[in-house]
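Now for the letters of each chain:
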Amino acid sequence: MKILICNDDGYQASGIVALYEALKTIADVEVVAPEQNNSAKSNALTLHSPMYVQTAANGFRYINGTPADCVHIALTGLLGYRPDLVVSGINNGANMGDDTIYSGTVGAAMEGYLFGIPAIAFSQTEKGWTHIDVAAQQARNLIKQLIPSLEAVAEGAQPAVPPWLLNVNIPNLPAGQVEGFKVCRLGRRHAAERVIVQTSPRGESMYWIGGAGPAKEAGEGTDFHATTQGYVSITPLHVDLTDHERLPYWAQTAARLTHKH
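Quick caveat, the model's predicted, so the values are computed rather than measured.

**Observations regarding the overall build of the protein**
Consideration 1: If you tally the helices and strands in the protein, you get seven helices and 13 strands.
Consideration 2: Here the C-alpha coordinates of the protein stretch approximately 65 × 60 × 45 Å along the principal axes.
Consideration 3: Within the protein, buried positions represent 46% of all 261 residues.
Consideration 4: A total of about 14,100 Å² of accessible surface is found on the protein, and carbon and sulfur atoms cover 53% of it.
Consideration 5: Charged side chains in the protein number 18 positive and 24 negative. The centres of these two groups are separated by 6 Å.

Okay, structure coming up:
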């Protein structure tokens, strides 16, 4: 069982170290991660600057690029093999609701998914790495449950299934207080807080993106609700952004435009 690990907090982050330590006992694990923090980089790829792969003392490889860069480079030549699973995280803070659109953690996992490899993005719901060992153990428990089916596919004993992408958020709780796992839909947030404006030493205005807004849709069935109840939330994601419900409406508009011409 071969697993590629990435993240968006950088190769030295506590979350990726804890995840590696937890998974290396159940699979062959390699880390290819960003050199620096790349939060909110989503699926961005670096197209106009060279990137370099370096190896840390602990064997982790790191790249001066985005999370998606790391997975892309790993899968298109660096590894020399195709991993059975791509895992991203453990992120320093939640990736729930609308966060998933911006998340570099999710972006790294999604890059694996786009290459046809099952992928999981792991995040802790609060920043600060409290109980990170528990979060890593929860990640291990989930992956260990999935390994038999992944191995069956890899060995040809089971037909290949379409790749899947999971977004997982783990409460910062001691082991005895984690209630279990719950499959949820994404919630929604209010709009982000106002931009922060400051004056630079040269008298110029500087702008900083404001913090994420509070949860807007956080009722039962959402990732927000599950994690506040002490559960690890699991949300299956897909990449089809098509608004299927409104296709007929826009088809009528297109038809009218076509008729006029």
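**A short note on the pattern of salt bridges**
Consideration 1: Enumeration over the complete set of coordinates arrives at five salt bridges.
Consideration 2: Linking Arg61 and Glu30 is a salt bridge whose minimum nitrogen-to-oxygen distance equals 2.6 Å. Taken together, the positions of Arg61 in strand S4 (residues 61–63) and Glu30 in strand S2 (residues 28–34) put the pair 31 residues apart, joining distant regions of the chain.
Consideration 3: In this structure, Asp98 and Arg188 form a salt bridge, with 2.8 Å as the shortest nitrogen-oxygen distance.

**Describing the sheet that holds strand S7 (residues 165–170)**
Consideration 1: Across the sheet, nine strands lie side by side as S3-S4-S2-S1-S5-S6-S7-S13-S8; this open sheet has mixed pairing. At either end of the open sheet lies a strand with only one pairing partner, and these are strand S3 (53–55) and strand S8 (180–183). For this sheet, the mean inter-axis angle between neighbouring strands, taken without regard to orientation, is 25°.
Consideration 2: Bridge count between S3 and S4: three bridges; the pairing is antiparallel. In the strand pairing of S4, Thr55 is matched with Arg61.
Consideration 3: Each of strand S1 (2–6), S2 and strand S5 (85–91) touches helix H1 (residues 14–23); the most contacted strand, S5, lies at about 135° to it.

**Description of the nonpolar core**
Consideration 1: Judged by nonpolar contacts, the single largest core of 39 residues is most densely connected at Ile3, Ile5, Phe122, Ile143 and Val168.
Consideration 2: Counting residues per element, the ones that place at least two in this core are S1, H1, S2, S5, strand S6 (119–124), helix H5 (132–154), S7 and strand S13 (231–237).
Consideration 3: Once you skip the residues sitting within four places of it in the chain, Val168 turns out to touch Ile120, Ala121, Phe122, Ser123, Leu142, Val232, Ser233 and Ile234.

**Notes on the UniProt feature "binding site: a divalent metal cation" (unreviewed entry) in the protein**
Consideration 1: Feature annotation in UniProt places "binding site: a divalent metal cation" (unreviewed entry) on Asp8, Asp9, Ser39 and Asn91, given in this structure's numbering. With the annotated positions falling across 84 residues, the maximum pairwise C-alpha distance of 9.1 Å places them together in a single cluster. When the annotated set is filtered for residues lining the largest pocket, what remains is Asp8, Asp9, Ser39 and Asn91.
Consideration 2: With respect to the secondary-structure elements, Ser39 resides in the loop between S2 and S3.
Consideration 3: With near-sequence residues (within four places) excluded, Ser39 lies in contact with Asp8 and Asp9.

About the criteria used
- Along each chain, residue indices are assigned from 1 in the same order as the chain's sequence is written.
- Whole-chain, interface and lining totals are the exception, using all residues; otherwise, since this is a predicted model, local features are given only for residues with pLDDT of at least 70 and side-chain atom pairs are given and counted only at 80 or more.
- Heavy atoms throughout the structure, all of them, feed into the side-chain values; hydrogens and water do not.
- Secondary structure elements are taken from DSSP: a helix is a run of H or I of four residues or more, a strand is a run of E of two residues or more, and numbering for both begins at the N terminus.
- Whether a residue is buried, partly exposed or exposed follows from its accessible area with a 1.4 Å probe, protein chains only, as a fraction of its type maximum: under 20%, in between, or over 50%, in that order.
- For the accessible areas, the method is Shrake-Rupley and the probe is 1.4 Å, while residue cover comes only from the protein chains on display.
- Note on charges: Lys and Arg go in the positive column, Asp and Glu in the negative column, and His and the chain ends are not counted at all.
- To locate a charge, the coordinates of NZ of Lys, CZ of Arg, CG of Asp or CD of Glu are taken.
- One side-chain nitrogen of Lys or Arg within 4 Å of one carboxyl oxygen of Asp or Glu is enough to make a salt bridge.
- Whether two strands pair comes down to DSSP finding at least two bridges between them.
- Here an axis means a line fitted to C-alpha atoms, over the contact stretch when the element is a helix, while the angle between two N-to-C directions is reported on a 0 to 180 degree scale.
- Residues are treated as being in contact if the distance between any of their heavy atoms lies within 4.5 Å.
- Only buried residues count toward a nonpolar core. Its members are Ala, Val, Leu, Ile, Met, Phe, Trp, Tyr and Cys residues joined through side-chain atoms within 4.5 Å.
- UniProt positions are given in the numbering used here, feature names are shortened, and annotations may be inferred rather than shown by experiment.
- Note on definitions: the grid is 1 Å and covers protein atoms alone; a cavity is a set of points where a 1.4 Å probe fits but cannot get out; a pocket is an open set with protein on both sides within 12 Å along at least five of seven lines; lining residues have an atom within 4 Å of a point.

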